[in-house]
Amino acid sequence: MKKGRIMSKTAVLFRSKYGATKEYSLQLGRSIQAEVVENYGLTPELVKDFDVLILAGGVYAGKINGLDFLKRNYPELQGKRIAVLAIGAAPDSDENTESLYKGNLKGKLENIPLFYARGAFDKDSLSSMDKLLFSMVKKAAEKEKPEKRTPLETVILETEEAVSWVDFSSLDSLIDFARQGM
């Protein structure tokens, strides 16, 4: 993981709150020989020499962490191959990916490919705010009929112990995307 000016052709820019996104980002970087950089305080100047940018972020309340860099700087990033990797607790499904896409990659970002990988969940490690949100979602899900629950609500209701669903094979299609730009 590097800090400062970045010089390779491909970069994985990540923002990780609880660790699964960092884990995936480091593995992805090794797989495609990319620079792996935390997505805090980045500027277009720091990534100007890249041909391929992969932004990785955890999913919190339906939003992909770290997309603010892309939204804010998209005009300066034109001409680069860009992809987004979302890491979440919900099972991987077309419905989940479509929902994330519609909620995060709108307008000028609508042609950016979105990839999804399942992360990890440990309610004991949640921040106070996330514990509150978790509690609210769990209470609402308990009132829903099982057939009406979202996949994430089902996970929340069924997961009592810390669990990791990290599976590096879920990066295969993103690795193929990145290698096309090499």
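From a predicted model like this one, the values you see are computed outputs, not experimental measurements. One numbering rule holds for all chains: residues counted from 1, following each sequence as written. Confidence filtering applies because this is a predicted model: local features only for residues at pLDDT of at least 70, side-chain atom pairs given and counted only at 80 or more, and all residues used for totals across whole chains, interfaces and linings. To get the side-chain values, take all heavy atoms of the structure and skip hydrogens and water.

Undergrad: Report on the overall build of the protein chain, specifying residues and quantitative values.
TA: Helical segments are the DSSP runs of H or I of at least four residues, strand segments are the runs of E of at least two, and each set is numbered from the N terminus. On a plain count of helices and strands, the protein chain comes out with six helices and eight strands. In the protein chain, the succession of helices and strands from N to C terminus is β-α-β-β-β-α-β-α-β-β-α-α-β-α. Taken over C-alpha atoms, the radius of gyration is set against a globule rule of 2.2 Å times the number of residues to the power 0.38. For 182 residues, the compact-globule estimate of 2.2 N^0.38 gives 16 Å, and the C-alpha radius of gyration of the protein chain, at 17 Å, lies within 12% of that figure. To sort residues, take the accessible area from a 1.4 Å probe on protein chains only and compare it with the maximum for the residue type: under 20% means buried, over 50% means exposed, and anything in between is partly exposed. The burial tally for the protein chain puts 43% of its 182 residues in the buried class. Any pair of residues with heavy atoms lying within 4.5 Å of one another is described as a contacting pair. Considering only contacts in the protein chain between residues 6 or more positions apart, those separated by 24 or more positions represent 75%. Residue-level accessible areas treat just the shown protein chains as cover; the underlying method is Shrake-Rupley with a 1.4 Å probe. Of the roughly 9,800 Å² of accessible surface on the protein chain, a fraction of 51% belongs to carbon and sulfur atoms. Considering the protein chain, the positive charge centre built from 27 side chains and the negative charge centre built from 26 side chains are found 5 Å apart. For the charge count, each Lys or Arg is scored as positive and each Asp or Glu as negative, with His and the chain ends excluded. By convention, charge coordinates are those of NZ in Lys, CZ in Arg, CG in Asp, or CD in Glu.

Undergrad: Which residues make up the pattern of salt bridges, and what are the values?
TA: Salt bridges are defined by distance alone: a side-chain nitrogen of Lys or Arg within 4 Å of a carboxyl oxygen of Asp or Glu. As enumerated under the stated definition, the model contains six salt bridges in all. Notably, a salt bridge pairs Lys-17 with Asp-130, separated by 2.8 Å at the nearest N-O pair. With Lys-17 in the loop between β1 (10–15) and α1 (20–32) and Asp-130 in helix α4 (residues 128–143), the pair connects residues that are 113 residues apart, well separated along the chain. Where salt bridges share partners, they join Arg-15, Asp-68 and Arg-72 into one cluster.

Undergrad: So, the packing of α1 against helix α6 (residues 172–180): which residues are in play, and what are the values?
TA: For the pair α1 and α6, the least separation of the axes is 10 Å and the interaxial angle reads 45°. The angle between α1 and α6 falls in the class oblique. Every pair of crossing elements has a handedness; the one defined by α1 and α6 is right-handed. Along the contact surface, α1 presents Leu-28, Ser-31 and Ile-32, while α6 presents Leu-174, Ile-175, Ala-178 and Arg-179. Each residue gets one of three labels, nonpolar for Ala, Val, Leu, Ile, Met, Phe, Trp, Tyr, Cys and Pro, charged for Asp, Glu, Lys and Arg, and polar for the others, Gly among them. Of the residues belonging to the contact of α1 with α6, the class tally is five nonpolar, one polar and one charged. Geometry is summarised by axes, namely lines fitted to C-alpha atoms with helices restricted to the contacting stretch, and by angles between N-to-C directions that run from 0 to 180 degrees. Angular relationships are summarised with four words: roughly parallel below 35 degrees, roughly antiparallel beyond 145, roughly perpendicular across 65 to 115, and oblique for the angles in between. Each helix crossing is assigned a hand: it is left-handed if the near helix lies turned anticlockwise from the far helix by less than a right angle, otherwise right-handed if that turn is clockwise.

Undergrad: I'd like a rundown of helix α3 (residues 94–104), residues and numbers included.
TA: Here α3 has its buried residues at Asn-96, Thr-97, Leu-100, Gly-103 and Asn-104. All buried residues of α3 lie within an arc of 135° about the axis, which places them on one face of the element. In α3, the exposed residues that point more than 90 degrees away from the buried face are Asp-94, Glu-95, Ser-99 and Lys-102. Against β3 (52–60), β4 (63–64), α2 (67–77), β5 (81–88) and β6 (114–118) lie the buried residues of α3. The arc in question is formed by the directions pointing from the helix axis toward the C-beta atoms.

Undergrad: An account of the packing of aromatic side chains is needed here, citing residue identities and associated values.
TA: Aromatic contacts are taken between Phe, Tyr and Trp rings whose centres are within 6.5 Å, Trp giving its six-membered ring; a plane angle under 30 degrees counts as stacked, one over 60 as edge-to-face, and the others as tilted. On inspection of all chains with the given rule, the structure shows four aromatic pairs. Ring centres of Tyr-18 and Tyr-60 lie 6.3 Å apart, and the angle between their planes is 65°; on these two criteria the pair is classed as edge-to-face. With Tyr-18 in the loop between β1 and α1 and Tyr-60 in strand β3, this residue pair connects regions lying 42 residues apart in the sequence. Tyr-60 gets classed as partly exposed once you look at its relative accessible area, which sits at 25%. Ring geometry for Phe-121 against Phe-134: centres 5.4 Å apart, planes inclined by 35°, an arrangement best described as tilted. Taken as a pair, Phe-121 in strand β7 (residues 120–121) and Phe-134 in helix α4 lie far apart in primary sequence, 13 residues in all. Neither Phe-121 nor Phe-134 differs from the other in exposure class; each is buried. The criterion is that NZ of a Lys, or CZ of an Arg, lies within 6 Å of the ring centre and within 35 degrees of the ring normal, and then a charge sits over that ring. Here Arg-81 stacks its cationic end above the ring of Phe-177, 4.0 Å away from the centre of that ring.

Undergrad: Requested: an account of the UniProt feature "domain: Flavodoxin" (unreviewed entry) in the protein chain, with residues and values cited.
TA: UniProt positions are given in the numbering used here, feature names are shortened, and annotations may be inferred rather than shown by experiment. According to UniProt, the feature "domain: Flavodoxin" (unreviewed entry) maps to residues 12–145 in the numbering used here. The span residues 12–145 carries 38% helix and 25% strand; its end-to-end C-alpha distance comes to 40 Å.

Undergrad: Which residues make up the packing of α4 against helix α5 (residues 151–158), and what values do they have?
TA: Axis separation between α4 and α5 bottoms out at 9 Å; the angle between their running directions is 100°. In terms of orientation, α4 lies roughly perpendicular with respect to α5. Where α4 approaches α5, its residues Phe-134, Val-137, Lys-138, Ala-141 and Glu-142 are matched on the opposing element by Glu-153, Ile-156 and Leu-157. Split by residue class, the contact of α4 with α5 holds five nonpolar, no polar and three charged.

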